[in-house]
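Below are the chains, spelled out letter by letter.
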Amino acid sequence: MSLLDQFESARVQNSLPPSMNIPLRVTGYQLSNTGDRNQDRVMGYRLDTKEYVEALVYQNANQANQPQIRDVQSRVAIGGTVLLSNCYVDQKAQRIDSNAAYTLSTRWPSTMIPDASKGSTWVGCARVNPPFIHDDGKMSLSVDLIRGSSPVSSLDEFNEKFFAGLSPAAASKGGSPLAGVRIIEFDDNGEPSKSILETFAPQWRQDTYGPASIEETKALYATPGTGRHEMLSRIAGVVGKAVQSEKYQVEIVNLIRFSAGPKTKQDTANKMQKGQSGNLLPMEPCYLSSIDPETGVIGKSNKTGFTTFVVALRKTGDNGLFVTRATPLIPSNPILISGIETQQDRDLNGGVMSQPSPAPAPAPAESSQAQQPQQPQQPQQPQQPQSVAGQAVASRDQRRAMARATGHQAPHTPANQQPVQSHAQPTERVAPVIAPPPAKQQFSLEPGNVGQVILVPPRMSDEMANYFASNLSQVATLNQLPDGTWSFPAEQYDAVQEVLSNTLHVVANNYPEYDTQVNTTAMEAFAKEPVHGQVPQQQNNSSGLDLELLGSEVDSMFAESTSGISR
C-alpha cells in the first residue's frame, strides 16, 4: 500500500458515522429536581433496532426555541413516539437509567405520534413523491412504502403477481395499493449494475375511496387504446425477454401509497413558496441525481428515489390513515432509483455507498456540557439498525438463493413497535445481508389422528397462549392436549391458518421474536396422502401480499371504514 493509500485509509477510518433521525417509542420520563436540563431524560425503545435507550437534548445556546425534554413530555404520552433528529450516541453523558443500553443526544426532539391511539410510526424503504402545487393552490403530496417484492420467472407468473398487487386485498386503511415492476440488470460478475422500477395503480371505485374489484382493474388494463394498456403491453414485452435471460431479474414490488394530511400539505406548500426545502419540510422529498449525457456532469433530477424513511401515520376522523411526517433515517445515505443499490446508484452518488447498518455518530468535541459517566457499568455499544434501503444488493445467484429461502420478503422494521418488557437489553449487531436470519419462535401445523390437525405452539406465557386460543376458537373447535398442543378438525384447517397468520402479524409488531410464517412442512407431506379425501389447503402467499409489514399492523388498529379519504 502506498503512502497516499495509507493516508486515505486513515482518513476514512477516523471519519465519524452519520447522524440519524431516530424514532423512539416512549416508556417514561425522568426530570431533574434542580431544573438541570442535562439531567432530563426520555426513555424508550428505538423503533429501528428495538433497543431500550435514554435520550437527552444537547444544549445549543445559539439554537432559538430548542425543544427540551419537558416540552416533549407535555406533548408525547407514554406509548407515543418522538423523533430524535440529528442524533448521536453521547459517550460523555451520564446514564441515568442503568438498564438503558446507552444515552442518545439529540439537537431537536419533535412529536411523531402523541400517543398510541392516534396512529403509528413506520420505518422502512420508501420514497416521498415530488410535491406539486396546483393552480388552485392545492397540493399533491404522498409517500410510497415498499411492502415487499417477489421474483417472477415467466409471463404467466408476472401477470398473476402483478394483478394480485392491485387487488382490494392489497390495500390498507387510507392507503392505495400499487404494483411495481422492477427489472435488475447484472454485470458479467453477477453483480447488479442498474435497475428500474415502474409503478401501476388499480381502477378506483366510484362510490367511495379504495380500489375497485380485481375484475374491473383487469378490464381497465385490457382495454386497447388506454394509456395503461399501452404501457403495460410495452413493459410485458420487455419482461418476456428479461425472464429468458440470465443477465436480468424481474420482480413484482408491492407498494402502498399514503397521502399527506391537509395540515401537512398546507405547511409544505407554505414552506416551498418561501423557498425552503430538505429537512425543513415535514415530508422530505429525496431527489435522485442525474448525469448530463453530453457533459457528464452530475446534477439533480426532478424524480425522487428510495431510502430508509421514518414515517408518521396518523388516524383520520373516518378511521383512515394519512402521513404527517416522513424523514430519512440516515440523511447522508444515497438515494436509490428502485429501492435496491446498484452500481448505477453509486455512480450517481459520486461513488458513495449506502450505510447498511450505521450507528449514530459519537458526541462531537464541543459537547463540553455533558458530564463524564460515573456509573461503574459501561453502556453497551449501540445495536445497528436493520438494513432496509441503501444496502448493496447481493449477486444474482445470492439474491435468488435468498429469495428461495425467505420468500423474497423485503427487510423492514414493523410499525407501532411496543416494548416487550419494561426494560430491554441490547442485542448483538445485525448480521450481514447475505447471512441467514436469526431463528424465531414458530408455530407448526402437523397431522394428528384421523380427521384431526395438531397445532404446535412455541414456548410462550399463559397469557399469550390464551390470546392465541381466544382468536382461534372463533373459527375452530380447539382441544388442548396434555403436552400443550392443540388439536382441531381438519376441515377447519384453512380458517385456522388464516386467523393464525393474521394474529401472528399483529403479535409480531409487539413481540418481534415470533415468526409470522407458520411451519407447514409436515402438512405438505400429509397432503400427498389425504385422509378420507380431506386435504387441508395451503394459503397461497406467492403474491407477496401476506408480508410482515405495515398492512397487517395498521389494519388491526382501526375499523374497516375508509370512506372520505382524499386520494
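Only a predicted model underlies this, so the values are computations on that prediction, with no experimental measurement involved.

**Brief notes about the overall build of the protein**
Helix and strand counts for the protein stand at 12 helices and 21 strands. Classification of the 567 residues of the protein by burial places 50% in the buried group. Long-range contacts, defined here as pairs at least 24 residues apart, represent 71% of the contacts in the protein between residues at least 6 apart. For the protein, the exposed surface amounts to about 26,500 Å²; the carbon and sulfur share of it is 49%.

**Overview of the pattern of salt bridges**
Within this structure, the stated rule accounts for 11 salt bridges. D48 is the partner of R46 in a salt bridge, and the nearest nitrogen-oxygen pair spans 2.7 Å. Relative accessible area serves as the criterion here: at 1%, D48 is assigned to the buried category. Two residues, K247 and E185, come together in a salt bridge whose shortest N-O distance is 3.9 Å. Within this pair, whereas K247 is found in the loop between helix 5 (227–242) and strand 12 (248–259), its partner E185 is found in strand 10 (residues 175–186), the two being separated by 62 residues in sequence. Within this structure, R46, D48 and E51 form a network of salt bridges that share partners.

**Focus: the sheet that holds strand 21 (residues 486–489)**
With antiparallel pairing, the four strands of this open sheet are ordered in space as 18-19-21-20. With partners counted over all chains shown, the strands left at the sheet margins are strand 18 (444–447) and strand 20 (479–480), one partner each. In the sheet, strand 20 pairs with strand 21 via two bridges, with the strands oriented antiparallel. Residue pairing for strand 21: Q480 is matched across the bridge by W486. Relative to the sheet, helix 10 (residues 493–510) contacts strand 18, strand 19 (452–456) and strand 21, its axis offset from that of strand 21 by approximately 135°.

**A closer look at the sheet that holds strand 11 (residues 192–200)**
In sheet architecture, strand pairing relies on hydrogen bonds along the backbone and comes in two forms, parallel and antiparallel. With antiparallel pairing, seven strands are arranged side by side in an open sheet as 11-10-12-9-6-15-16. The open sheet has two free edges, formed respectively by strand 11 and strand 16 (321–328), since each of these has just one partner strand. Mean inter-strand twist for the sheet, computed between neighbouring axes without regard to direction, equals 35°. Across the sheet, helix 5 touches strand 10, strand 11 and strand 12, and the angle it forms with strand 11 is around 150°.

**Description of helix 10**
The end-to-end C-alpha distance of helix 10, which contains 18 residues, comes to 26 Å, matching closely the 26 Å that a straight helix rising 1.5 Å per residue would cover. Residues Y493, V496, Q497, V499, L500, S501, T503, L504, H505, V507, A508 and N509 constitute the buried set of helix 10.

**Describing the pairing of strand 12**
Burial within strand 12 is extensive, with 10 of its 12 residues counted as buried. Bridge count for strand 10 against strand 12 is 11 bridges, and the pairing is antiparallel. Counterpart to G180 in the pairing with strand 12 is V253.

**Focus on the nonpolar core**
Y29, V42, L84 and L104 are the most contacted members of the largest nonpolar core, which totals 28 residues. The set of elements that each furnish at least two residues to this core consists of strand 1 (20–30), strand 3 (52–57), helix 2 (69–75), strand 4 (81–89), strand 5 (103–113) and strand 15 (307–315). Apart from the residues lying within four places of it in its own chain, the contact partners of L84 are M20, N21, I22, L24, A55, L104, T106, W108 and P109. By size, the runner-up hydrophobic cluster in this structure holds 23 residues, among which are V143, V311, V323 and A326.

**Things to note about the environment of P151**
Tracing the sequence through the fold places P151 in strand 9 (residues 142–152). Taking the C-alpha atoms as reference points, P151 and V250, separated by 99 residues in sequence, lie 5.8 Å from one another.

Calculation criteria
Residues numbered from 1 in each chain as written. Predicted model: local features only at pLDDT ≥ 70, side-chain atom pairs only at ≥ 80, totals over all residues. Heavy atoms only, no water. Helix = DSSP H or I, 4+ residues; strand = E, 2+ residues; numbered from the N terminus. Buried < 20%, exposed > 50% of the residue type's maximum accessible area, 1.4 Å probe, protein only. Contact = heavy atoms within 4.5 Å. Areas by Shrake-Rupley, 256 points an atom, 1.4 Å probe, with all protein chains shown as cover. Salt bridge = Lys/Arg side-chain N within 4 Å of Asp/Glu carboxyl O. Pairing = 2+ DSSP bridges. Axes fitted to C-alpha atoms, helices over the stretch in contact; angles between N-to-C directions. Expected span 1.5 Å × (residues − 1). Core = buried A, V, L, I, M, F, W, Y, C linked by side-chain atoms within 4.5 Å.

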